[in-house]
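Each chain is listed here by its residues.
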Amino acid sequence: DKCKRWEIPVGYSREGLVKHNTDHIPHLVVAGTTRYGKTVFLKNVITTLTLNNPKNVRFTLIDLKGGLAFQRFKDLPQVNGVAKNVSEAKETLERLQSEMNERMESFLAQGYEDVNESNIRERHFIIVDEAAQLASASIKDKTEKADRMACENVISEIARIGGGLGYRIIFATQYPTADTLPRQVKQNCDARICFRLQTSTASNVVLDENGAEELPHVKGRAIYLTDKKQIIQTPFITNDYIDERLTPLI
């Protein structure tokens, strides 16, 4: 089943294994305090999708913690690039925006409603880790503010129209506030994974309800919210396992 190849195992609930299907729900918000499993989850996403779809998956990785978390993926043929700062993120996102607009024009010309009607098998995942570094609201420097606003605008556009064109946003932050989680991103992400957060306010930003601040101090424990809420234990994946499985693809 080609649709199942785009599934991500998000963890185990009391009922069993829970999977997230990125063809059914394209965009995903991931939030959680540092050291509770957010980055490990993102590594699992990249590894799983690469192994399941080596010919058809593409990644654009935006790692605003200096590129360290995603450095082991940078040489994969499936990875278009790793942006490590706001300037690189802006350049990367604007290139993606142009590509996405070209695809939209192509679909209009050929009468395709979405990527499922086209002959395009590729899915392009834009994974943003520590998205709070793109927030523009509190920035005073005009140039820096403009660059961040440009990034926010493109990410919001991908979240709004990219799903039907084969683009998927995974938007991760450890500091969820109304400023760091753009409204368009939140409204268009029908799935959210939330690890432990420090306050009920932060939980409400991500989940629209309390709960993430009450999760136990257990690494990998999270809330998975779609049309229902589930408490899950996310998979743990080691760097050795990642290297063992992905190095042959380089």
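Scroll up to find the structure.
Chemist: For helix 5 (residues 200-207), give the residues involved together with the corresponding values.
Modeler: Among all positions of helix 5, only Ala202, Ser203, Val205, Val206 and Leu207 are buried. In a view along the axis of helix 5, the buried residues occupy a sector of 165°, so they form one face of it. For helix 5, the elements touching its buried residues are strand 3 (28-31), helix 4 (183-188), strand 8 (191-195) and strand 9 (221-225). Two residues or fewer after helix 5 comes Asp208, characterised by a positive phi angle close to 65°.

Chemist: Provide a residue-level description of the packing of aromatic side chains, including the pertinent values.
Modeler: Enumeration over the complete set of coordinates arrives at four aromatic pairs. The interplanar angle of 40° and the centroid separation of 6.0 Å between the aromatic rings of Phe59 and Phe125 together place this pair among those described as tilted. One end of the pair, Phe59, is in strand 4 (residues 57-63); the other, Phe125, is in strand 6 (residues 123-129), and 66 residues separate them in sequence. By relative accessible area, which is 0% here, Phe125 ends up buried. With a centroid separation of 5.7 Å and an interplanar angle of 90°, the aromatic rings of Phe107 and Tyr112 are classed as edge-to-face. On the basis of relative accessibility, which here comes to 25%, the residue Tyr112 falls in the partly exposed class. Taken together, the ring pairs in this structure connect Trp6, Phe59 and Phe125 into an aromatic cluster.

Chemist: Pulling in residues and values, what's your account of unusual backbone geometry?
Modeler: Trans peptide bonds make up the majority, and among non-glycine residues the majority have a negative phi. In this structure, Arg35 takes a positive phi of about 80° despite not being glycine. With respect to the helices and strands, Arg35 occurs in the loop between strand 3 and helix 1 (38-52). A residue is classified by how much of its surface remains accessible, and Arg35, at 70% relative accessible area, is exposed. Positioned with a positive phi, Glu130 is a non-glycine residue whose angle comes to about 60°. Its location among the elements puts Glu130 in the loop between strand 6 and helix 3 (142-162). Take Glu130: its relative accessible area is 2%, and that puts it in the buried class.

Chemist: Tell me about the layout of surface pockets, and please be specific about residues and values.
Modeler: Taken as a whole, the largest pocket holds about 510 Å³ of empty space. Here the lining of the largest pocket gets four residues from one element, more than from any other, and that element is helix 1. A per-class count over the lining of the largest pocket returns six nonpolar, nine polar and five charged.

Chemist: I'd like a description of the pattern of salt bridges, backed by residues and values.
Modeler: Counting across every chain of the model gives 15 salt bridges. Residues Arg168 and Asp23 are paired through a salt bridge, measuring 2.9 Å at the closest nitrogen-oxygen approach. Of the two residues, Arg168 sits in strand 7 (residues 167-173) while Asp23 sits in the loop between strand 2 (16-21) and strand 3, which places them 145 residues apart along the sequence. For the pair shown, Arg168 and Asp23 are each scored as buried.

Parameters at a glance
Throughout, a residue's number is its position along its own chain's written sequence, starting from 1. Given that this is a predicted model, residues contribute local features only at a pLDDT of at least 70 and side-chain atom pairs are listed and counted only at 80 or more, while totals for whole chains, interfaces and linings are drawn from all residues. Side-chain measures were taken over the full set of non-hydrogen atoms in the model, leaving aside hydrogen atoms and water. Three labels apply to residues, based on accessible area from a 1.4 Å probe with only protein chains included: buried if under 20% of the type maximum, exposed if over 50%, partly exposed otherwise in between. Only runs of H or I of at least four residues qualify as helices and only runs of E of at least two qualify as strands under DSSP, and these elements are numbered from the N terminus. The arc under discussion is defined with respect to the helix axis, by the directions toward the C-beta atoms. Any two residues whose heavy atoms approach within 4.5 Å are treated as being in contact. Any Phe, Tyr or Trp ring, taking Trp's six-membered ring, that has another such ring centre within 6.5 Å forms a pair; planes under 30 degrees apart are called stacked, those over 60 apart edge-to-face, and the others tilted. Whether a set of points on the 1 Å grid over the protein atoms alone is a cavity depends on a 1.4 Å probe fitting there but being unable to get out, while an open set qualifies as a pocket with protein on both sides within 12 Å along at least five of seven lines; lining residues are those with an atom within 4 Å of a point. Grid points are joined across faces, edges and corners, and a volume is the space filled by probe spheres set on the points. Under the scheme applied here, ten amino acids are nonpolar (Ala, Val, Leu, Ile, Met, Phe, Trp, Tyr, Cys and Pro), four are charged (Asp, Glu, Lys and Arg), and all others, including Gly, are polar. We define a salt bridge as a side-chain nitrogen of Lys or Arg found within 4 Å of a carboxyl oxygen belonging to Asp or Glu.

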